[in-house]
Amino acid sequence: MKKFSVVIAGGGSTFTPGIVMMMLDNIDRFPMRELVLYDNDGDRQAVLGEALEILLKEQAPDLKFSYTTDPEEAFTDKDFCMAHIRVGKYEMREKDEKIPLRHGVIGQETCGPGGIAYGMRSITGMLEIIDHMETYSPDCWMLNYSNPAAIVAEACRVLRPNSKVLNICDMPVGTLRRMSQIIGKDPQDLEVRYFGLNHFGWWTSVKDKEGHEYLDQIRDYVAENGYLTQVEVDTQHMDQSWQETHKKAKDLLAVNPRYLPNTYLKYYLYPDYEVAHSDRNYTRANEVMNGREKEVFSAARNIIEKGTAVDGGFHIDSHASFIVDLARAIAFNTHERMLMIVENNGAIANFPDDAMVEVPCIVGNDGPEPLAQGKIPAFEQALMFQQVTVEKLVVEAYVEQSYQKLWQALTLSKTIPSAKVAKDILDDLIEDNKDYWPELH
Ligand code: NAD
Ligand code: G6P
Ligand code: MN
């Protein structure tokens, strides 16, 4: 079987060890000959790189492994680039969350003003790594899960329309896993219908391979409990704040009992509740810095100190195996059915062709083929049109360096009550993003 050469962009990510462990666990399904970590912060990456070097020598001595900040070294002779960069790192995520909260508005990584600010930073970083990939390995595919995926995907559509970049999110995967626990099934045996934007969508069907529909059964459970389940099988989305998010799906369902909601809709449908329940001095960025980031980096330092990864504290991120499924779909033309972020082109019949939507796709060696989801009801359509227009305005603002368009994007966001508040937030964001955003006129 062919063996693949892979680069992970954002090698210093808190998710890198879990994903490398997951890829090792799947090495028979997706054989690798080379794995390189690439990051533009050499010091951060070196901690994980050194620890993974020790671990891989012990567990996969035949796999050629290295880590580098040099694009040529990283991107030469690659088949796949797994990308999870965070432009501005946790320092800027904290600002994205805290600046809007000062103005009484949702402070979130990918939704509302925080997501818009992050989007304006991410576009530059994404274009940079796409260009590296195309310079050194023109046939390479990028599997991107860098956020905010909706804005990144729209930027790719507009600025790199022919690039082999696939944008994907793990939230539907994680939530389907919870649904499978509710009905006592294996998630692999379930097939869904879904429509929306990234972090903004609804399941319209959850069936097993025999065609039995579970939507009603799951809905009855979610109406009582949200997606909160008793089973502890996930390595992600387990912190208390995430449990609150899973529970809140109950109130999302109440607004629209017809379909099963993506949990991110809470920021658009219950912004007042979310702001009231946020601590403006201690947000999710602080939780992650004091939790996952500390745990992952101290496990790495521990491995380096001991010189061995036996009982080393890196854990397999098993829920991220969809990344291997996607790579396999491209590499082996498996025609796997997966939710992807793609250009609509009629997949949602009554929605603009040029919108980047999240829908089930059949993925083969030419990439994703979206499956038609038909017409959607007015309530969801209107919410989606408002949000997709925000995302498009952000990309236009980036391209045209337009203050006006970014102000419009913020004003249109359902999370912000007025043009005045939008302007106040924008002026604060500009100040703190000086090192990352294009200058706006
Ligand atoms: P992190 O800050 O720990 O890691 C990101 C790394 O990217 C850092 O080491 C940073 O130095 C590096 N980086 C930043 N700009 C870069 C550039 N231009 N070139 C190369 N490297 C660069 O962040 P994290 O919490 O581990 O998350 C990583 C990313 O994955 C984020 O974008 C996050 O939102 C995303 N994510 C997405 C999903 C999804 O569902 N799509 C799921 C989980 C995480
Ligand atoms: C989910 C989303 C990702 C997001 C992550 C944040 O997995 O799909 O897009 O980045 O949650 O998780 P965190 O633990 O960093 O708050
Ligand atoms: Mn996501």
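Scroll up a little and you will see the structure.
Calculation rules
- Residues numbered from 1 in each chain as written.
- Chains lettered and ligands numbered in written order.
- Predicted model: local features only at pLDDT ≥ 70, side-chain atom pairs only at ≥ 80, totals over all residues.
- Heavy atoms only, no water.
- Salt bridge = Lys/Arg side-chain N within 4 Å of Asp/Glu carboxyl O.
- Helix = DSSP H or I, 4+ residues; strand = E, 2+ residues; numbered from the N terminus.
- Near = heavy atom within 4 Å.
- Polar contact = N/O pair within 3.5 Å; in protein donor to acceptor, adjacent residues only side chain to side chain.
- Areas by Shrake-Rupley, 256 points an atom, 1.4 Å probe, with all protein chains shown as cover.
- Nonpolar A, V, L, I, M, F, W, Y, C, P; charged D, E, K, R; others polar.
- Axes fitted to C-alpha atoms, helices over the stretch in contact; angles between N-to-C directions.
- Parallel < 35°, antiparallel > 145°, perpendicular 65-115°, else oblique.
- Left-handed = near helix turned anticlockwise from the far one by under 90°.
- Contact = heavy atoms within 4.5 Å.
- Pairing = 2+ DSSP bridges.
- 1 Å grid on protein atoms, 1.4 Å probe; cavity = no way out; pocket = protein on both sides within 12 Å on 5 of 7 lines; lining within 4 Å.
- Points joined across faces, edges and corners; volume = space filled by probe spheres on them.

**Regarding the pattern of salt bridges**
Part 1: On inspection of all chains with the given rule, the structure shows 31 salt bridges.
Part 2: Here E94 and K98 are joined by a salt bridge, their closest N and O atoms 2.7 Å apart. Note that E94 and K98 are positioned in helix 4 (residues 89-102) at a spacing of four residues, about one turn of the helix.
Part 3: With its nearest N and O atoms 2.1 Å apart, the salt bridge here joins D216 to R219. Of the two residues, D216 and R219 are both situated in helix 8 (residues 215-225); the distance of three residues between them amounts to about one turn of the helix.

**A word on the site of ligand 1**
Part 1: Of all residues adjacent to ligand 1, which total 27 residues, the nearest are S13, T14, D39, Y90 and Y118.
Part 2: With respect to ligand 1, the side chain of D39 contributes an N or O atom lying 2.6 Å from an oxygen atom.
Part 3: In this structure, an oxygen atom belonging to ligand 1 sits 2.7 Å away from a side-chain N or O atom of R44.
Part 4: A total of 860 Å² of accessible area belongs to ligand 1 in isolation, and the protein chains cover 96% of it.
Part 5: Those elements giving two or more residues to the shell around ligand 1 turn out to be helix 4 and helix 5 (112-136).
Part 6: The element best represented in the shell around ligand 1 is helix 5, accounting for three residues.
Part 7: Each residue belonging to the shell around ligand 1 can be placed in one class, and the counts come to nine nonpolar, nine polar and nine charged.

**Here's the deal with the packing of helix 1 (residues 16-25) against helix 2 (residues 42-59)**
Part 1: Close contact between helix 1 and helix 2 brings their axes to 11 Å; oriented N to C, the two are set at 15°. In terms of axis orientation, helix 1 runs roughly parallel to helix 2. Considering how the two elements wind past one another, helix 1 and helix 2 form a crossing that is right-handed. Taking contact as the criterion, the partners of T16, P17, V20, M21 and L24 in helix 1 are, on helix 2, L48, L52, L55, L56 and Q59.
Part 2: Residues belonging to the contact of helix 1 with helix 2 are distributed by class as follows: eight nonpolar, two polar and no charged.

**Focus on the sheet that holds strand 8 (residues 200-208)**
Backbone-to-backbone hydrogen bonds pair the strands of a sheet. The strands run either parallel or antiparallel.
Part 1: With antiparallel pairing, three strands are arranged side by side in an open sheet as 7-8-9. For this open sheet the edge positions go to strand 7 (190-197) and strand 9 (260-261), each flanked by a neighbour on one side alone.
Part 2: Here eight bridges tie strand 7 to strand 8, and the two strands are oriented antiparallel to one another. If you follow R193 over to strand 8, its bridge partner there is S205.
Part 3: Strands strand 8 and strand 9 of the sheet are contacted by helix 8, whose axis makes an angle of about 125° with strand 8.
Part 4: Its contacts with the sheet put helix 14 (residues 378-400) on strand 7 and strand 8, and the angle it makes with strand 7 is roughly 60°.

**Brief notes about the layout of surface pockets**
Part 1: For the second largest pocket, the calculated volume is near 580 Å³.
Part 2: Lining the second largest pocket are 24 residues; nearest its centre among them are L176, P187, Q188, E336 and R337.
Part 3: Where the lining of the second largest pocket is concerned, the elements lending two or more residues are helix 7 (171-183), strand 7, helix 13 (321-332) and strand 10 (336-343).
Part 4: Tallied by class, residues from the lining of the second largest pocket come to 13 nonpolar, four polar and seven charged.

**Some details on the side chain of S180**
Part 1: By the element assignment, S180 lies in helix 7.
Part 2: S180 has contacts with K185, D186, P187 and L190, leaving out every residue within four places of it along the chain.

**A closer look at unusual backbone geometry**
Part 1: With omega at -15°, the peptide bond leading from N147 into P148 counts as cis.
Part 2: Tracing the backbone through its elements, the reader meets P148 in the loop between strand 5 (141-144) and helix 6 (149-159).
Part 3: Positioned with a positive phi, N345 is a non-glycine residue whose angle comes to about 45°.
Part 4: Locating N345 in the fold gives a position in the loop between strand 10 and strand 11 (356-364).

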